[in-house]
Amino acid sequence: MATYKTLYFVRFVFRSITSKHFEFQNVKLPKATTSICVIILIFIAQGRAFAQEAKEAKEDYTPFVVHGHIKNMHTWHGFLVHPGAVFATSLEYNSRNTKFTFGVWGGASFSSIDVENYNTGELTSANYKEFSIYTKYKFNERFFIEAVSHNNYTGVEERGDKLHYWSYDKTQGYNFVDLNFGYNVTPKTLLYFATILGGGSGDYEVQADGTLKNSWTHYFEVKHKVWEKDATSLSLFTGGAWSFITDKTFYTAGVGNIINVGATLNKELKIGNYSVPVEVMAMWNPEQERTVLQLDIRLF
């Protein structure tokens, strides 16, 4: 708004300069004097416009953002994390220049899965529970780097283990960290590369002498938007996992395989005056012969 008013004012004074005299409150000034006055007024008006725009930008900046999603299931890199309905929440901090992000993500299920207790051998019900930490830095519009500490402690106590949230013991099987890189080759094509650091959450291979060898699993995905109209778009993706270190990975039984193939439809659903982002993903894991259809609705 401030910029529009400034342009309107400049247009007005330009017409005044090109005229023979500039009349201000019924006083006619010579053209040279008029030009000086007009230049001063332009600087004053422009300064006020910049100050107003800076104030508006400052008021628009919101460092903390919270989101809530409801999903019919939860998947990750071709892996079915939980087969039932999940409510997920995220709380994050974003820097003013939007380059840096730090946040936490949590999920809890409406349904349970069966977990075998190590001590009794009996099956007991356990709800999906996760509290993960993530950070991201965007170098520019194309390239970003992120790190995620995945903390999925579903069924830890139910199976007879003691819960240690900050423990990254590879044999406990619920904490691991991955380091990820993303590069937008074009505005429609994203290359995504992730590496599980060390051997957290079972990402290891048992050697002949009983020692554990970390897999350092790598995951690579290509995602491309093939269609877009109004607030709806369709993207196709393919992802695979492998390890240069071991003969198995976190995601595969063998040294490597294609594990994540599918399509994602994103749509803005209008409900009265509200716009609700909806994502439907059809995913196929060729190695596990698993096919799922995931619905993700962002409530806020």
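Before going into details, it helps to say that this report is about the structure given with it. (Residues numbered from 1 in each chain as written. Predicted model: local features only at pLDDT ≥ 70, side-chain atom pairs only at ≥ 80, totals over all residues. Heavy atoms only, no water.)

### Here's the deal with the side chain of Ser 132
Part 1 of the argument: Following the sequence through the fold, Ser 132 ends up in strand S8 (residues 123-138).
Part 2 of the argument: In this structure Ser 132 comes out as buried when scored by relative accessible area, which is 3%.
Part 3 of the argument: A distance of 2.7 Å separates the side chain of Ser 132 from the side chain of Glu 130, its partner in a polar contact.
Part 4 of the argument: Not counting residues within four places of it along the chain, the set of residues in contact with Ser 132 comprises Gly 103, Val 104, Trp 105, Ser 149, His 150 and Asn 151. (Helix = DSSP H or I, 4+ residues; strand = E, 2+ residues; numbered from the N terminus. Buried < 20%, exposed > 50% of the residue type's maximum accessible area, 1.4 Å probe, protein only. Polar contact = N/O pair within 3.5 Å; in protein donor to acceptor, adjacent residues only side chain to side chain. Contact = heavy atoms within 4.5 Å.)

### Quick word on the pairing of strand S17 (residues 274-285)
Part 1 of the argument: In this sheet, S17 lies alongside strand S16 (residues 256-271) in antiparallel orientation, the contact comprising eleven bridges. Across the sheet, the residue bridging to Lys 270 is Ser 275, located in S17.
Part 2 of the argument: Once S16 ends, the chain turns through two residues before running back antiparallel as S17, passing Gly 272 with a positive phi of about 65 degrees.
Part 3 of the argument: Strand direction decides the pairing type here: S17 and strand S18 (residues 290-298), joined by eight bridges, are antiparallel. (Pairing = 2+ DSSP bridges.)

### A few points about the pattern of salt bridges
Two side chains bearing opposite charge may form a pair once their charged atoms approach each other closely.
Part 1 of the argument: Scanning the model with the defined rule gives two salt bridges in all.
Part 2 of the argument: We note a salt bridge from Arg 159 to Asp 161, for which the minimum N-O separation is 2.8 Å.
Part 3 of the argument: With relative accessibility at 12%, the residue Arg 159 sits in the buried group. (Salt bridge = Lys/Arg side-chain N within 4 Å of Asp/Glu carboxyl O.)

### Structural notes on the sheet that holds S16
Part 1 of the argument: Pairing is antiparallel around the closed barrel formed by twelve strands, whose spatial order is S3-S6-S7-S8-S9-S10-S11-S14-S15-S16-S17-S18. Looking at each pair of strands side by side, their axes are set apart by 20 degrees on average, direction ignored.
Part 2 of the argument: In this structure, strand S10 (residues 175-186) lies alongside strand S11 (residues 189-196), joined through eight bridges in antiparallel fashion. Of the residues in S11, the one forming a bridge with Phe 181 is Phe 193. (Axes fitted to C-alpha atoms, helices over the stretch in contact; angles between N-to-C directions.)

### Comments concerning the packing of aromatic side chains
Part 1 of the argument: Evaluation of the coordinates by the stated rule reveals 13 aromatic pairs.
Part 2 of the argument: Ring plane angle 45 degrees and centroid distance 6.2 Å describe the contact between Phe 79 and Phe 250, whose orientation is recorded as tilted. Of this pair, Phe 79 sits in strand S5 (residues 79-82) while Phe 250 sits in the loop between strand S15 (232-242) and S16, and the two are 171 residues apart along the sequence.
Part 3 of the argument: For the ring pair Phe 250 and Tyr 251, a centre distance of 4.9 Å and an interplane angle of 90 degrees mean the geometry is edge-to-face.
Part 4 of the argument: Residue classification places Tyr 251 among the buried residues on the basis of a relative accessible area of 6%.
Part 5 of the argument: An aromatic cluster is built from Phe 79, Phe 176, Tyr 219, Phe 250 and Tyr 251, whose rings are joined through pairwise contacts.
Part 6 of the argument: A cation over an aromatic ring shows up here: Lys 136 above the ring of Phe 144, its NZ or CZ 4.3 Å from the ring centre. (Phe/Tyr/Trp six-rings, centres within 6.5 Å; stacked < 30°, edge-to-face > 60°. Lys NZ or Arg CZ within 6 Å of the ring centre and 35° of its normal.)

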